[in-house]
Amino acid sequence: MTVDVTLNEADQEALQGWVRRTGIGAAVTDVEPLTGGSQNIVVRLRVDGKAMVLRRPPAHPRPTSDNTMRREIAVLRTLAGTSVPHPGFIAGCEDLDVLGVVFYLMEAVDGFNPGNEVDSAYVDDPDMRHRVGLSYAASLAGLGNVAWKGSPLAEIRRPGSFLARQVPQFMRLLESYRHAHYAPESFPSVRVLAEWLDSHRPPDAEPGVMHGDCHLNNVLLRREVPELAAFVDWEMCTIGDPLLDLGWMLVCWPDGPNPIDVGGALAALGGLASRAELLDAYRDAGGRRRTSRLDWYVAMACFKLGIVIEGTWSRYLAGQADAEAGERLHVSAQNLMELGTRVSHGDNPFA
């Protein structure tokens, strides 16, 4: 199926009116899609010649899509002025009369997404490929140490135990995918892993800012130096346990087991830092030290990410997402559950 991943003429006119009313600028030009469709839509544009990026829900918004955009706005406002690489926030719009959804504008970041391309400097220099992973891990450690109390993100923080609500929250998300063509029971390994995660849950630690979905599709890398240019796609960011970000990064790193197949082109060139080196870089940069229960966080990352991406398979079966994306992510979701189950049985390939 064809998915509208940019702004139609009417939306562009509405956006230009909003840009003028809010004083951001006068002319919106050079509108072109970056990514989007089944998850969220990201559009590059210029306002009075200045490059910006617009982010909005998909063509078929989910019931939570507008709140997701509000969350992302809160994240970028919280990160303003910190050393964590992120796109600068420009303005957000919650007036549904403009585009029919909540959206926001952010600064364009000069970098490339290693899930989609590999800059020539990284192709030519294995040391660049190696060092950029260490920068990525160090930046993730910095994110977990951001001062968040009293911030916009703190205003939407849920009370209570972050870890205790993970399994029931994501089992409810899986159940929400149910429709005439999709039954959550078709994903049976989820329930077995959920029981293990609940019965082996570690105690809560000091809360911190989490990205929530850290992998190479959700970062931009600098082109000339081996550094992270920005974390992007903040829709799962929250105040929680940053060790889950660490487990997530390790699960998704394309070295050995690669259950979601991100960053494969970069990995194929060789020379990437090992998962052990990522862990050392994370610790050296001041990341969380309580890593004796890393197996639980790795298994939880598999569980959560598997359920999240299974949603695209459900939407495809309902005629609301592209077949290629739905089928590819369904396979990845199954791979994640298999990996998480292995880890729960004491077979952790990342240990």
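To be clear, the structure that these remarks concern was listed above.
Residues numbered from 1 in each chain as written. Predicted model: local features only at pLDDT ≥ 70, side-chain atom pairs only at ≥ 80, totals over all residues. Heavy atoms only, no water.

**Q** Before we go on, may I ask you to explain the packing of aromatic side chains in this structure?
**A** The relation between two aromatic rings is expressed through the spacing of the ring centres and the mutual angle of the planes. Evaluation of the coordinates by the stated rule reveals eight aromatic pairs. Here Trp18 and Phe103 contribute two aromatic rings whose centre-to-centre distance is 5.0 Å and whose plane-to-plane angle is 70 degrees, an arrangement assigned as edge-to-face. Of this pair, Trp18 sits in helix α1 (residues 9–21) while Phe103 sits in strand β5 (residues 103–107), and the two are 85 residues apart along the sequence. The class of Phe103 is buried, set by a relative accessible area of 0%. Three or more aromatic residues link up through ring pairs in this structure, and these residues are Tyr136, Phe231, Trp234 and Trp253. (Phe/Tyr/Trp six-rings, centres within 6.5 Å; stacked < 30°, edge-to-face > 60°. Helix = DSSP H or I, 4+ residues; strand = E, 2+ residues; numbered from the N terminus. Buried < 20%, exposed > 50% of the residue type's maximum accessible area, 1.4 Å probe, protein only.)

**Q** Just to check I follow, could you spell out the pattern of salt bridges for this structure?
**A** When the charged atoms of two side chains with opposite charge come close together, those side chains can pair. Applying the stated criterion across every chain, the model contains 18 salt bridges. Its salt-bridge partner being Arg55, residue Glu235 comes within 3.3 Å of it at the nearest N-O pair. You can see Glu235 sitting in the loop between β8 (228–231) and β9 (238–240) and its partner Arg55 sitting in strand β3 (residues 50–56), a full 180 residues away along the chain. Look at Glu235 and you get partly exposed, because its relative accessible area is 21%. Here Asp198 and Arg201 are joined by a salt bridge, their closest N and O atoms 3.4 Å apart. Residue class for Asp198 comes out partly exposed when judged on its relative accessible area of 36%. One connected set of salt bridges, linked through shared partners, spans Arg55, Arg62, Glu72, Asp233 and Glu235. (Salt bridge = Lys/Arg side-chain N within 4 Å of Asp/Glu carboxyl O.)

**Q** Before we go on, may I ask you to explain the packing of helix α8 (residues 189–199) against helix α13 (residues 323–344) in this structure?
**A** What describes two packed helices is the angle between their axes and the distance between those same axes. Interaxial distance between α8 and α13 falls to 10 Å at its minimum, and their mutual angle equals 35 degrees. Regarding α8 and α13, the two cross each other, and that crossing is left-handed. Listed contacts from α13 to Ser189, Val190, Leu193 and Trp196 of α8 are Met337, Gly340, Thr341 and Ser344. Here the residues of the contact of α8 with α13 are counted per class, giving four nonpolar, four polar and no charged. (Axes fitted to C-alpha atoms, helices over the stretch in contact; angles between N-to-C directions. Left-handed = near helix turned anticlockwise from the far one by under 90°. Contact = heavy atoms within 4.5 Å. Nonpolar A, V, L, I, M, F, W, Y, C, P; charged D, E, K, R; others polar.)

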